[in-house]
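# A look at the structure
Here is what each chain is made of, one letter per residue.
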Amino acid sequence: MMNQPDAIVIGSGPNGLAAAIEIARAGRKVLVLEAEPTIGGGVRSAELTLPGFVHDICSAVHPLAIASPFFRTLPLDAHGLRWVTPPLMLAHPLDDGSAATVAKSVDETAAQMGADGAAYRRLLGGVVNAWPQLEPAILGPLRIPAHPFALARFGLSAVQPAALLARRRFSTPGARALFAGIAAHGMVPLDQRPTAAFGLVLGAAAHVAGWVFPRGGAQSLTDALAAYFRSLGGEIVTGQRVASVDDLPAARAVLCDLSPRPLLKIAGHRFPDWYRQKLEQYRYGSGVFKVDWALETPVPWRASACAQAGTVHVGGTLEEIERGEQEAWSGRTPDRPFVLVAQPSRFDTTRAPADRQTVWGYCHVPRGSSEDMLPRIEAQIERFAPGFRERVLARSVMRPADVERHNANYVGGDIGAGVSDIPQLFLRPTRLMYSTPVRGLYICSASTPPGVGVHGMCGYFAAKRALNEVLRG
Ligand SMILES: Cc1cc2nc3c(=O)[nH]c(=O)nc-3n(C[C@H](O)[C@H](O)[C@H](O)COP(=O)(O)OP(=O)(O)OC[C@H]3O[C@@H](n4cnc5c(N)ncnc54)[C@H](O)[C@@H]3O)c2cc1C
């Protein structure tokens, strides 16, 4: 293992690797310690079902990675990363056999929205046009905005509950359901503020960047980050679960790619009471129940547009999605869950043997739930794709407890590493954000701003702070 590193990063998720790269780029020696046998945290792929079928264990769709101001500065293509852009970013089927869709272009999307075309262009097109001014606020910590008017205009819509904004701005069931489905990625009930922000940011990201996949699987993004990091002289050691920060070799900075619960386990004894209590009070949200399928043929969607989409939102109307998300949040098992489905192998032949398919999907459930959601998830898909079950060759299932076992950050299966509601969205996990009361000890995970998603910005900002405070000079 590396001798006398300047900085140690605990965890090799996208934020851990981003932090490690930023510090290594500044000429410092960086060692990354990863608990699991493979690197990448929430950005890994494996043959979970059958040989030759490559599944994304956690994240699959990466609009925030391609939009990330930090990742944009890295030569990831030189390290093998290729993005795959499906013909349609998203399709949302309804019971009448139609589907609302999102294309890369705002105009094309608006054109298929019928009566809601103009409203879509105004709402989402407005965010897309203002994206360059909004980007620092969307993908960074709270600070004095350089473009206060653009931010205020965005904020007026973003701060609303998604269900309310959808009902106010759209009149057709398709447009309303589409917006609700995108907003539901935030894992906060759609009648709460600021869920419209998730719908607007992820919706606009479909146009600004695309809901893209890394060719070969999510692991290719991790591998490209790791290869670039190693080219800077960095070292990654896998199978090294840090049990206590006291066990680490001496270093000027330690950055933890951890959410508060696992952080408390390894560093809690170093913190003053007030800070420990704050971390203990940090709230985790709903869990997920995830399924990966190996299929004999593509999913037989009734609405033909779904075949062209990388992501398909399976959950029917706004009202149905709203109910399902509310149930999961308040501890009840949704009977008709909102299922997020991705079908990368349709557009990336490296993911499955010839003519076969891999499909990825999950739904939100109460945190820590042990309920078997498989029948309910498959019933929802079958509803919009009759004959789906007959094409399944094999399945892999992860309950919330499996998700947490797989990655200690996702407590109770909460893939957001903590609730993203107003109290916790901006100042996470405490008002110190990346810093802790211990000099040289930082948090760089998705439990810091700007939060959940594969963008590396939490790691980048934590690294900047460590460089400014303890690593320069
Ligand atoms: C099922 C699922 C689906 C998702 N889908 C998407 C998606 O499609 N798009 C998207 O943008 N995001 C998605 N996400 C969220 C995304 O994966 C996370 O937001 C992101 O990975 C967070 O990155 P991170 O670096 O903060 O932490 P993580 O990726 O969680 O990495 C933390 C790392 O720390 C390691 N670690 C933990 N404890 C220790 C220890 N004591 N010692 C050493 N190492 C340790 C872990 O093993 C892990 O490798 C999904 C997540 C899941 C689970």
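The structure presented is a predicted model; accordingly, all values stated were derived computationally and were not measured.

Each helix and strand in the chain was counted, giving 16 helices and 16 strands. Along the first, second and third principal axes, the C-alpha atoms of the chain reach 65 × 55 × 45 Å. Counting all 473 residues of the chain, 63% fall into the buried class. Summing over all exposed atoms, the chain offers an accessible surface of approximately 17400 Å²; the carbon and sulfur share of this is 51%. Separation between the mean location of the 48 positive side-chain charges and that of the 41 negative ones in the chain comes to 6 Å.

The subject of this paragraph is the sheet that holds strand S1 (residues 7–10). Spatial strand order, S9-S2-S1-S10-S16: five strands in an open sheet with parallel pairing. The strands lining the two open edges of the sheet, one partner per strand, are strand S9 (235–237) and strand S16 (441–443). Neighbouring strand axes in the sheet, compared pairwise and without regard to direction, differ in orientation by 20° on average. Here strand S2 (residues 30–33) pairs with S9 via three bridges, running parallel. Bridge pairing in S9 links leucine 33 to valine 237.

Before going further, it helps to examine the site of the ligand. The environment of the ligand is made up of 34 residues, and the closest members are Asn15, Glu34, Gly42, Val61 and Asn407. Alanine 35 is positioned such that a nitrogen or oxygen atom in its backbone is 3.1 Å from a nitrogen atom of the ligand. Valine 242 places a main-chain nitrogen or oxygen 3.0 Å from a nitrogen atom of the ligand. When the free accessible area of the ligand is taken as 1000 Å², the share hidden by the protein chains comes to 95%. Every element with two or more residues in the shell around the ligand is listed here: helix H1 (14–25) and strand S14 (357–365). Looking at which element gives the most residues to the shell around the ligand, the answer is H1, with three residues. Its residues assigned to classes, the shell around the ligand comprises 16 nonpolar, 13 polar and five charged.

To continue, consider the side chain of arginine 428. Note on placement: arginine 428 falls in the loop between helix H15 (422–425) and S16. The side chain of arginine 428 sits in the buried core without any salt bridge; aspartate 421 is the nearest counter-charge, 6.9 Å away. Separated by 3.1 Å, the side chain of arginine 428 and the backbone oxygen of glycine 416 make a polar contact. Separated by 3.1 Å, the side chain of arginine 428 and the backbone oxygen of valine 419 make a polar contact. The residues contacting arginine 428, other than those within four sequence positions of it, are Tyr282, Gly416, Ala417, Gly418, Val419, Ser420, Met433, Ala446, Ser447, Thr448, Pro449 and Gly451.

Applying the stated criterion to the full structure yields 23 salt bridges. The residue arginine 25 makes a salt bridge to glutamate 22 at a minimum N-O spacing of 3.0 Å. Here arginine 25 pairs with glutamate 22, and both are found in helix H1, just three residues apart, close to one helical turn. Residue class for arginine 25 comes out partly exposed when judged on its relative accessible area of 34%. With a relative accessible area of 6%, glutamate 22 lands in the buried category. Of the charged contacts in the structure, one is a salt bridge between arginine 167 and glutamate 319, with a shortest N-O distance of 3.4 Å. With arginine 167 in helix H6 (residues 162–169) and glutamate 319 in helix H12 (residues 318–329), this pair connects stretches of sequence that are 152 residues apart. Judged by relative accessible area, arginine 167 falls into the partly exposed class, the value being 33%.

Between arginine 193 and the following residue, proline 194, the backbone shows a cis peptide bond with an omega angle of -10°. Relative to the elements of secondary structure, proline 194 occurs in the loop between helix H7 (173–183) and helix H8 (195–208). You will see that alanine 417, though not glycine, has its phi angle at about 50°, which is positive. Inspection of the secondary structure assignment puts alanine 417 in the loop between helix H14 (400–406) and H15. With relative accessibility at 4%, the residue alanine 417 sits in the buried group.

Cut-off values and rules
Residues numbered from 1 in each chain as written. Predicted model: local features only at pLDDT ≥ 70, side-chain atom pairs only at ≥ 80, totals over all residues. Heavy atoms only, no water. Helix = DSSP H or I, 4+ residues; strand = E, 2+ residues; numbered from the N terminus. Buried < 20%, exposed > 50% of the residue type's maximum accessible area, 1.4 Å probe, protein only. Areas by Shrake-Rupley, 256 points an atom, 1.4 Å probe, with all protein chains shown as cover. Lys, Arg positive; Asp, Glu negative; His and termini not counted. Charge placed at Lys NZ, Arg CZ, Asp CG, Glu CD. Pairing = 2+ DSSP bridges. Axes fitted to C-alpha atoms, helices over the stretch in contact; angles between N-to-C directions. Near = heavy atom within 4 Å. Polar contact = N/O pair within 3.5 Å; in protein donor to acceptor, adjacent residues only side chain to side chain. Nonpolar A, V, L, I, M, F, W, Y, C, P; charged D, E, K, R; others polar. Salt bridge = Lys/Arg side-chain N within 4 Å of Asp/Glu carboxyl O. Contact = heavy atoms within 4.5 Å.

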